[in-house]
Amino acid sequence: MSDATDTREVILEAIDLTREFDGVKALDRFSFKLHRGEVLGLLGANGAGKTTAMNCLLGLTLPTSGELNAFGMPLQANRIKILQRANFSSAYTALPGNLLVWQNLLVFAHIYGVPNPKKKIAELMELLEISHLNKSVTGQLSAGESTRVNLVKAFLNDPELLMLDEPTASLDPDIADKVRKVVRKVQRERNVAILYTSHNMRDIEEVCDRVIFLHKGKIVCEGTPSDIVAQSSSDNLEDVFIKIARDGELLDEPKKASAV
Amino acid sequence: MNFRIISALVMRYLFLYARSPMRLVELAFWPVVDLVVWGNVTVFIQKNTNPEFGSYVLFFLGGMILWDIMFRAQQGVAISFLEDVWTRNLLNIFVAPVRSSEYISATFIVGILRILITAVVLSFISWFGYAFNVFQLSWWLIPFFLNLMLFGWSLGMISTALILRWGLAAESLAWAIPFFFQPVVAVFYRVEDMPAWSRPIAWCFPPTYIFEGMRSVMKSGTMNWDYLGYAAGLNVLYLALAGWLFVWVLNLTRKRGLLTKFATQ
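Scoring rules and cut-offs
- Residues numbered from 1 in each chain as written.
- Chains lettered and ligands numbered in written order.
- Predicted model: local features only at pLDDT ≥ 70, side-chain atom pairs only at ≥ 80, totals over all residues.
- Heavy atoms only, no water.
- pLDDT = per-residue confidence, 0-100.
- Helix = DSSP H or I, 4+ residues; strand = E, 2+ residues; numbered from the N terminus.
- Buried < 20%, exposed > 50% of the residue type's maximum accessible area, 1.4 Å probe, protein only.
- Polar contact = N/O pair within 3.5 Å; in protein donor to acceptor, adjacent residues only side chain to side chain.
- Contact = heavy atoms within 4.5 Å.
- Axes fitted to C-alpha atoms, helices over the stretch in contact; angles between N-to-C directions.
- Parallel < 35°, antiparallel > 145°, perpendicular 65-115°, else oblique.
- Nonpolar A, V, L, I, M, F, W, Y, C, P; charged D, E, K, R; others polar.
- Expected span 1.5 Å × (residues − 1).
- Buried area = accessible area lost by both parts, 1.4 Å probe.
- Salt bridge = Lys/Arg side-chain N within 4 Å of Asp/Glu carboxyl O.
- 1 Å grid on protein atoms, 1.4 Å probe; cavity = no way out; pocket = protein on both sides within 12 Å on 5 of 7 lines; lining within 4 Å.
- Points joined across faces, edges and corners; volume = space filled by probe spheres on them.

Engineer: When you look at the confidence of the model for chain B in this model, what are you seeing that I'm missing?
Structural biologist: Residues and elements named next belong to chain B. Of the residues in chain B, 96% have a pLDDT of 70 or more, and the chain-wide mean is 85. Across chain B, the secondary-structure element scoring lowest on mean pLDDT is helix α11 (residues 261-264), at 64, and the one scoring highest is helix α8 (residues 199-202), at 94. As scored by the predictor, the complex reaches a pTM of 0.82 and an ipTM of 0.83.

What follows is the structure, given as structure tokens:
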């Protein structure tokens, strides 16, 4: 489906996004669209520009140039309105460890103005199979428990746009599988647009509808996971990842592996 | 005991000091503050030959209690922010629909709660332990508290801005900044007992008017209204400057991508 014929609602859009640090381009004319109900994977080796992209999209870092729009509005000028309809979870942030789980979640439920917050928290904790952690001290949770509590926080406001930064990092395969299934379930039921970063290619194949591979801040490949694998001489997405990380390219020229 | 291991650990601390100039500054900062404050207190005591001087000693307790009001207000802002840094929660806050004005307002309220607890505890202890009744300041306590709280908030916003810019390397400033001012705002002695060169500096800061006012109320039961006016006016100015600095630094950290370092610190 070309952009001209694609009638799906664009939730998040970057146009020629560039971010320089001391003259080095961490992102170089990065453009993409994320549609309602779509899960887009942002992939690349360490230093490829994923985190910079995510930080720009969250408004934590301002781009050097380019445009960023969410829900049809410029992000910087409408940050609060946009963040009210979005949410974020990362393996690298934490909820305050000295508070109980329910206390942390209640604080964020109030920030997002969630109606009937206690009921909502209970429902989400049940969905993520962590109801028993309600009165636990957040700092004493295991990595898997902590990730799921962070996901409860991320789902609290029924976001239309969800940004998940390596949500399965440091999780055992069983918990990682549960997290993937829940993310997919919530995404399907609520038609959420999700931007997903991960170094776990199984995550990507299972969760993402479409992926973008970044290398040195530039898009080197874009398409569905299966199409990208099919177009490359690789056996699987992990090999594609390694090839791009080492050679900086997958195909002769950066192009869409498949129309989406 | 293995000397090699001890020397390796010493080396580790020396590396730490070399990489964090703020720690070296602290080595000189606190002794200098102590010396200046107690030097001026000594001058104050030496100069007073008044037979009623014994009652003046109560000024120290009054000064100490009011100083703590300002200190707790500053801490309410700065430590609340640091709590979010220490618990790696800051990014969760910054990617939530929270305006910086809402965040700072919340820390102000925490500051008020800290002040109330501090004031109640110190008032009881000073009354029962030292027969010092802070309520002898009567209704003047309210404008005194308010003005010191406002200046504490300004200092809190400045501390927060510095931590935002320099990260946890500037953490010690959260504790030290109020003490930059302690020697020059006449907490324990009159402005006229300070070295001549430092008096014009003293009158640039709102707490000076409050501490001078406190001594005036304790001594004669009267208060110079001009002092309250100057303190309030200067507080408006400092609050505006501190608020501008905080917003400017926040925007700068966004431009330079420095906010994200709080996720990993």
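Still more to cover.
Engineer: Looking at this structure, I do not really get the side chain of D203 of chain A. What am I missing?
Structural biologist: Residues and elements named next belong to chain A. Within the secondary structure layout, D203 lies in helix α7 (residues 201-207). Its relative accessible area of 0% is what places D203 among the buried residues. Looking at D203, its side chain comes within polar contact range of the side chain of S198, at 3.2 Å. With residues up to four places along the chain from it excluded, the contact list for D203 reads T168, R180, Y196, S198 and C208.

Engineer: What should I look at first to understand the packing of helix α1 (residues 3-19) of chain B against helix α2 (residues 21-47) of chain B in this one?
Structural biologist: All names here are of chain B. Between α1 and α2, the shortest axis-to-axis distance is 4 Å and the interhelical angle comes to 90 degrees. As far as their axial angle goes, α2 and α1 are roughly perpendicular. Between α1 and α2, the contacting residues are L16, Y17 and R19 on the first element and P21, R23, L24 and L27 on the second. Residue classes in the contact of α1 with α2 are distributed as five nonpolar, no polar and two charged.

Engineer: What am I meant to see in helix α5 (residues 143-155) of chain A here?
Structural biologist: In an α-helix, one full turn covers 3.6 residues, which means residues spaced three or four apart are oriented alike. For α5 of chain A, built from 13 residues, the straight-helix expectation of 18 Å at 1.5 Å per residue is met to within 8% by its first-to-last C-alpha distance of 18 Å. α5 of chain A sits mainly inside the fold: ten of its 13 residues count as buried. Among the residues making up α5 of chain A, those that are buried are G144, T147, R148, V149, N150, L151, V152, K153, A154 and F155 of chain A. For α5 of chain A, the elements touching its buried residues are β6 (86-90), α3 (101-111), α4 (117-127), β7 (161-165) and α6 (173-190) of chain A together with α4 (90-94) of chain B.

Engineer: Any chance you could explain the interface of chain B and chain A here in plain terms?
Structural biologist: Where the parts come together, the accessible area they lose is often given as the size of the interface. Opposite the 21 residues of chain B that make contact, chain A presents 24 residues. At the boundary of chain B with chain A, total buried surface from both sides reaches about 2,000 Å², with 60% on carbon and sulfur atoms. The largest contributions to the chain B side of the interface with chain A come from V95, P97 and R254 of chain B, which together make up 33% of the buried area. The tally of links from chain B across to chain A stands at zero salt bridges. Our count for the chain B to chain A interface comes out at seven residue pairs in polar contact (both at pLDDT 80 or more). Secondary structure elements with two or more residues in the side of chain B that touches chain A: α4 and α10 (225-256) of chain B.

Engineer: Sorry if this is basic, but what is going on with empty space enclosed by the protein here?
Structural biologist: If a probe as big as a water molecule is rolled over the atoms, it shows which places are left empty. Taken as a whole and assessed by the stated rule, the structure comprises two cavities of 30 Å³ or more. Taken as a whole, the largest cavity holds about 50 Å³ of empty space. Around the largest cavity, the lining residues are M22, V25, E26, F29, S172, L173, A176 and F180 of chain B. Each residue belonging to the lining of the largest cavity can be placed in one class, and the counts come to six nonpolar, one polar and one charged. Volume-wise, the second largest cavity comes out at about 40 Å³. Forming the boundary of the second largest cavity are L12, L57, L58, G59, A70, L75, R79, I82, L83, A86, L161 and M163 of chain A. Of all the secondary structure elements, the ones that give two or more residues to the lining of the second largest cavity are α2 (79-84) and β7 of chain A. When residues of the lining of the second largest cavity are assigned to their parent elements, the largest contribution, three residues, is made by α2 of chain A. Among the residues forming the lining of the second largest cavity, the class breakdown is ten nonpolar, one polar and one charged.

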